[in-house]
Amino acid sequence: MTGFYGEHSKVWVSVDCIIFGFDEGKLRILIGKRNMDPGRGEWSLYGGFVRSDESVDNAANRVLYELTGLRNIYMRQVGAFGKVDRDPGERVVSVAYYALINVKDYDDSLRRTYGLEWVNIDEIPPLYSDHNEMVQKARRLMRQKIATEPVGFRLLPSLFTLTQLQHLYEAVNGAELDKRNFRKRVKEMDFIEKTELIDKTGSKRGASLYRFNKRIYNEDPNFKL
């Protein structure tokens, strides 16, 4: 350790993770009660401090793996949050990330271990510090991204119905979509493939199951929905 920068005050750096999931037609995030001071018992995102031997991206990946047991998760940086008084404990600058996971892939025992809950995006309680602001910004960024890239498929099972797909886009955007126009647009996309499989969980007649073809999308990425 050198003696450089000794005249400057030290600042803690942390990461906070906004984990989005989609279940029963609702967009949800994982939150839990803080088990440390300050803010013990308050609803909060899950995060951690950046270690001296890791980048902020690596710290976020570590936190996400600890929390979900999943690797290669879709993750994007939301931004840095650094108001002087944002954390009553110390001077902390937090870099927020949002991640998209398929709820069915998530080991629910980890959720119980960490005392977390899936909460509907429109029913989020007041969160610790500026975490509500982080969630709001993450949702805005996801809305922008999902309009130009097929990232929403990361929230769905590998096989899905068109109704599930429409409900996902409605949940992310917070607005209903015209069913006829939506399906017409989807059927113009070669990378959304109809399979011969039928989902009969919703009715006796059932609904056709579709899948996302990443190879075809990569060959013709002119996507907008």
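Student: Break down the layout of surface pockets for me, with residues and values.
Tutor: For the largest pocket, the calculated volume is near 570 Å³. Lining the largest pocket we find 26 residues, and of these R34, M36, S44, G47 and G48 sit closest to its centre. Those elements giving two or more residues to the lining of the largest pocket turn out to be β1 (12-23), β2 (26-33) and β4 (46-49). The class makeup of the residues in the lining of the largest pocket is eleven nonpolar, eight polar and seven charged. Considered as a void within the structure, the second largest pocket measures approximately 290 Å³ in volume.

Student: Could you give an account of the nonpolar core, naming the residues involved and the relevant values?
Tutor: Of all hydrophobic cores here, the largest spans 40 residues; its most connected members are I18, F20, Y98, L165 and I192. Every element with two or more residues in this core is listed here: β1, β2, β5 (74-81), β6 (92-100), α3 (131-148), α4 (162-173), α5 (179-187) and α6 (214-219). Setting aside residues no more than four positions away along its own chain, I192 makes contact with F153, F160, L165, V186, Y210 and R211. One finds I19, L30, L64 and L67 within the second-largest nonpolar core, a separate group that totals 20 residues.

About the thresholds
Residues numbered from 1 in each chain as written. Predicted model: local features only at pLDDT ≥ 70, side-chain atom pairs only at ≥ 80, totals over all residues. Heavy atoms only, no water. 1 Å grid on protein atoms, 1.4 Å probe; cavity = no way out; pocket = protein on both sides within 12 Å on 5 of 7 lines; lining within 4 Å. Points joined across faces, edges and corners; volume = space filled by probe spheres on them. Helix = DSSP H or I, 4+ residues; strand = E, 2+ residues; numbered from the N terminus. Nonpolar A, V, L, I, M, F, W, Y, C, P; charged D, E, K, R; others polar. Core = buried A, V, L, I, M, F, W, Y, C linked by side-chain atoms within 4.5 Å. Buried < 20%, exposed > 50% of the residue type's maximum accessible area, 1.4 Å probe, protein only. Contact = heavy atoms within 4.5 Å.

It is worth stressing that arrangement in space is one thing and function is another; only the former is reported here.
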